[in-house]
Amino acid sequence: MPTDFKIVLFLCNWGPHVAYQTLQDRRADIPVEIKMVRIPCSGRITKALLFKALEMGADGVLLIGCQSGTCRYGTGTAAALENTEDTRQIMDLMGLGQERLQLGNFLPDQSEALLAFLQEFTQRVRDMGKSPIVPRTAAAPAAAETPETVAASHDVFACQDCGKCTSACPLALAGKSFSPRFVAAEIIAGRAQRPEVRAAVNACLTCGTCYERCPSAVNFPEFIKAMRHYYQGGELTAAPAHGGFFQSMMRAMTAETLVPRRWQALPDNIRVREKSPILFFGGCASYFDVFFRKFLNPQTERILEDSLRLLNFFDVEPALLADERCCGHDLLWSGDRDNFLRLAALNAKALAASGAEELITACPECYHTLSREYPRYGVTLPLKITHMHEFLEREIAKGAVAFKPLEGKIAFQDACRQSRFNDQAELPRKLLQRLTNGTPLVDGGAPSVCCGNSAWTGCDAFSKRMQVQHIEKAKQAGGQMIVTACPKCQIHLGCAMEDVMRGDELKMEMMDLTSAIAKSIYWA
């Protein structure tokens, strides 16, 4: 019987395919909702591919692989288990539920067991109903928008071809053949469609260093953001990092009927209210911890918990949005302005309904997006946006608190969105001075070089080199701990420290500034 349900089946080419082919040969009652995709190994299907099927309209996804001990590639069964477990947990946080994704493992002679598994899963999907995710793609730019009009609107024609941007660019200093001046000149000359130009636009870190150096004040990061939106109308030059998982997740969150399930596992000693004049906005840290936990063991959700503990310390019991969605930063900066605006509209509605007067966030990208990008694109928020560092400095400056000094020499990793985009480079340093009793940072007072990525737009050997150089510089200066200000910096630097060729050579203790304050503060 025809149905409008869609179930994607990723089927391993080895043992399970034999069982499935047996079912086909005898014309078994395989549910018509199932669309089979033959794959070399279940371990090759990443979290991004599993979720992409859901983003593109599947109501359920099956991954069928070999049983443990029979995988032709050795680790495929274990990898498939890890990927499905992680993806299911993220789906649960998103409000999509875990039951729309299932892993199965079968031998060649288990065709009857496979058929029962397929029929049971299909019935479960029917009972759950259609997926709340609405498949969305970025709309093509307006007909009047061309590379030349984008360049003109961002005053790129003012570029003096002096090269100060390239000489300061972190990517160029890491050895990559990349030049903001080259990108500007090529697009002005009408060569925006050249593959090397598109690749360069995709590679830019959008860290803002070039804007700081430009004598003509050309805002190159904003120009890159606009060009990425322009390129969204055609074929992208490269896939985002991690298979575009986070962009897929954010696009899925634009579905109005999707109800995320955030804040389900807060520690009992954290006090929050259903209604409060202060609202805490967490961002994507919880998703990062799940996605990267198998190989990086990140501690980004700890930043959220420590932020809430600090709010409680100062007698603030904030409200939380139980159905909080992503702010949309990564969609906007990877060029998907249309879905960013859909997400922003949903957030604006939820924030207005909260009745809060002030929103506090520990994420510099959330802070920048909510306070700067939303108004820039006409999305009005009826509350004040405050970074956690601002709140802490405001409260600590009142006195009556002290700190147990952090031990060892500290290297600080700035968040680009905080230091360069919002002129707050001094704010975290003031807080650090309180934690270290005035001991100078090992890397001085200037904003540090970008951690090597932004908006998950790309990650390569040059990003890795930037991260390694930062760690080596900190170690050579006697640094014993890196304090970060952004969850992504913690992830990227932590990734560099996992270099198996370098062993423990790059290992350093690392902690977010908010967590360091929560660990050290006490009433004087």
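From a predicted model like this one, the values you see are computed outputs, not experimental measurements. (Residues numbered from 1 in each chain as written. Predicted model: local features only at pLDDT ≥ 70, side-chain atom pairs only at ≥ 80, totals over all residues. Heavy atoms only, no water.)

## A look at the environment of leucine 54
At step 1: Here leucine 54 lies in helix 2 (residues 47-55).
At step 2: Residue classification places leucine 54 among the buried residues on the basis of a relative accessible area of 1%.
At step 3: Separated by 195 residues in sequence, leucine 54 and methionine 249 place their C-alpha atoms 9.6 Å apart.
At step 4: Apart from the residues lying within four places of it in its own chain, the contact partners of leucine 54 are Asp59, Gly60, Val61, Met91, Leu96 and Ile133. (Helix = DSSP H or I, 4+ residues; strand = E, 2+ residues; numbered from the N terminus. Buried < 20%, exposed > 50% of the residue type's maximum accessible area, 1.4 Å probe, protein only. Contact = heavy atoms within 4.5 Å.)

## With respect to the pairing of strand 10 (residues 410-413)
At step 1: What you see with strand 10 is no split at all: Ile410 and Phe412 on one side and Ala411 and Gln413 on the other are buried throughout.
At step 2: Bridge count between strand 10 and strand 11 (residues 481-484): four bridges; the pairing is parallel. Across the sheet, the residue bridging to isoleucine 410 is methionine 481, located in strand 11. (Pairing = 2+ DSSP bridges.)

## Some points on unusual backbone geometry
At step 1: Residue aspartate 161 is not a glycine yet carries a positive backbone phi of 60 degrees.
At step 2: Along the chain, the position of aspartate 161 falls in the loop between helix 5 (147-153) and helix 6 (164-168).
At step 3: Its identity is not glycine, yet alanine 217 carries a phi of approximately 60 degrees, on the positive side.
At step 4: Looking at where alanine 217 falls in the secondary structure, it is placed in the loop between helix 10 (209-213) and helix 11 (220-231).
At step 5: Overall, alanine 217 belongs to the partly exposed group, its relative accessible area being 48%.

## A closer look at the domain arrangement of the protein chain
At step 1: Under the domain assignment used here, the protein chain contains domain 1 (7-128), domain 2 (147-233), domain 3 (250-394) and domain 4 (400-523).
At step 2: Taking only C-alpha atoms into account, the centre of domain 2 sits 27 Å from that of domain 4.
At step 3: Across the boundary between the two partners, domain 2 contributes 15 residues, which contact 15 residues of domain 4.
At step 4: Note on domain 2 versus domain 4: buried area summed over both sides is about 1,200 Å², and carbon and sulfur give 57% of it.
At step 5: Of all residues in domain 2, Ala174, Leu205 and Cys207 bury the most surface against domain 4, accounting for 38% of the area lost on that side.
At step 6: Where domain 2 packs against domain 4, one counts two salt bridges.
At step 7: For the pair domain 2 and domain 4, the number of links is seven residue pairs in polar contact (both at pLDDT 80 or more).
At step 8: Among the elements of the structure, helix 7 (170-173), helix 10 and helix 11 are those that each provide at least two residues to the side of domain 2 that touches domain 4. (Domains from an automatic or database assignment. Buried area = accessible area lost by both parts, 1.4 Å probe. Salt bridge = Lys/Arg side-chain N within 4 Å of Asp/Glu carboxyl O. Polar contact = N/O pair within 3.5 Å; in protein donor to acceptor, adjacent residues only side chain to side chain.)

## Section: the packing of aromatic side chains
At step 1: Counting across every chain of the model gives 22 aromatic pairs.
At step 2: Taken together, a centroid distance of 5.0 Å and an interplanar angle of 75 degrees make the contact between phenylalanine 291 and phenylalanine 292 edge-to-face.
At step 3: Here phenylalanine 291 falls in the buried class, since its relative accessible area comes to 6%.
At step 4: Taking the relative accessible area as the measure of exposure, phenylalanine 292 reaches 1% and is therefore buried.
At step 5: Chaining the aromatic ring pairs together yields one cluster made of Phe51, Phe245, Phe246, Phe288, Phe291, Phe292, Phe295 and Trp456.
At step 6: Over the face of the ring belonging to phenylalanine 291 we find lysine 47, whose NZ or CZ atom lies 4.6 Å from the ring centre.
At step 7: Directly above the ring of tryptophan 333 sits lysine 225, whose terminal nitrogen or CZ lies 4.5 Å from the centroid. (Phe/Tyr/Trp six-rings, centres within 6.5 Å; stacked < 30°, edge-to-face > 60°. Lys NZ or Arg CZ within 6 Å of the ring centre and 35° of its normal.)

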